Amino acid sequence: LEFLDLFDNKFDGSLPSQLSGMDNLAGLDIHNNKISGTLGDIFKLTNLEELYVHRNQMDGPIPNSIAEATNLVALSLNENSFNSTLPTHIGSLSRLEYFDIESNSLTGKLPTQAGDLKNLELFF
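This section reports on the structure supplied with the text. (Residues numbered from 1 in each chain as written. Predicted model: local features only at pLDDT ≥ 70, side-chain atom pairs only at ≥ 80, totals over all residues. Heavy atoms only, no water.)

**Things to note about the environment of N83**
- Here N83 shows up in strand β8 (residues 81–84).
- Using a relative accessible area of 31% as the deciding quantity, one classes N83 as partly exposed.
- Linking N83 and L93, residues 10 residues apart in sequence, is a C-alpha distance of 20 Å.
- Apart from the residues lying within four places of it in its own chain, the contact partners of N83 are G60, P61, I62, S105 and L106. (Helix = DSSP H or I, 4+ residues; strand = E, 2+ residues; numbered from the N terminus. Buried < 20%, exposed > 50% of the residue type's maximum accessible area, 1.4 Å probe, protein only. Contact = heavy atoms within 4.5 Å.)

**Some thoughts on the pairing of strand β6 (residues 57–61)**
- When strand β4 (residues 34–37) meets β6, the two strands line up parallel, connected through 2 bridges. Directly across from S36, in β6, lies its bridge partner Q57.
- With 3 bridges connecting them, β6 and β8 associate as parallel partners. Residue pairing across strands places D59 opposite S81, the latter belonging to β8. (Pairing = 2+ DSSP bridges.)

**Describing the sheet that holds β6**
- With respect to topology, 5 strands assemble into an open sheet ordered β2-β4-β6-β8-β10, the strand pairing being parallel. Bordering the open sheet on either side are β2 (12–13) and β10 (105–106), each of which pairs with just one other strand.

**A few points about the environment of S103**
- If you trace the backbone, S103 turns up in the loop between β9 (98–100) and β10.
- With 26 residues separating them along the chain, S103 and L77 place their C-alpha atoms 8.9 Å apart.
- Those residues in contact with S103 that lie beyond four places of it in its chain are N78, E79 and N80.

**Quick word on the packing of aromatic side chains**
- With the rule as written, the count across this model stands at 2 aromatic pairs.
- Between F99 and F123 the ring centres are 5.2 Å apart and the planes differ by 5°, which places this aromatic pair in the stacked class. Of the two residues, F99 sits in strand β9 while F123 sits in strand β11 (residues 122–123), which places them 24 residues apart along the sequence.
- Residue classification places F99 among the buried residues on the basis of a relative accessible area of 1%. (Phe/Tyr/Trp six-rings, centres within 6.5 Å; stacked < 30°, edge-to-face > 60°.)

**Side note on the nonpolar core**
- Residues L28, I42, F43, L51, L72 and L75 are the most contacted members of the largest nonpolar core, which totals 30 residues.
- Residues contacting L51, with those up to four places away along its chain left out, are L28, I42, F43, L72, A74, L75 and S76. (Core = buried A, V, L, I, M, F, W, Y, C linked by side-chain atoms within 4.5 Å.)

**Focus: the environment of T70**
- Within the secondary structure, T70 sits in the loop between β6 and β7 (74–76).
- The exposure class of T70 is partly exposed, given its relative accessible area of 35%.
- Sequence separation of T70 and L96 is 26 residues, and the distance between their C-alpha atoms is 8.3 Å.

**Notes on the sheet that holds β7**
- Spatially, 6 strands are ordered β1-β3-β5-β7-β9-β11 in an open sheet, and the strand pairing comes out parallel. Looking at the sheet topology across the chains shown, the edges are occupied by β1 (3–5) and β11.
- In this sheet, β11 lies alongside β9 in parallel orientation, the contact comprising 2 bridges. Residue pairing in the sheet places F99 in a bridge with F123 of β11.

Take it as geometry only, folks, not as evidence of what the structure does.
In structure tokens, the structure reads:
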């Protein structure tokens with residue numbers, strides 16, 4: 001399975017831990033559900049290129065394991081309750097073109113490593 005699209009439903013609960021074992025997954029779109037909890041190990045999917053989890057009820061910090069998702073091109077985390085600061089490891093996502101983190105509870109300053117995102121076209 002390379003793409004999993006489950007958006008615009010009423011799924012609730014947390015992300016299943018089995019997702020982190022889907023090594024071939026390149027795209028996951030679960031936006032506009034009622035998914036709660038943290039992102040867990042989702043960034044350990046090294047083939048992941050697109051992740052859309054916006055408009056859910058997710059919370060917690062954006063994990064440092066985001067550095068492992070170096071193939072990410074699109075990352076949409078907006079309209080959740082992610083908190084803490086944006087990890088400095090964000091700068092390792094050299095392929096990232098689309099990054100949306102608006103409408104969360106993030107604090108602190110934008111890390112200087114965000115300047116390393118040379119392919120970034122849209123940042124919200």
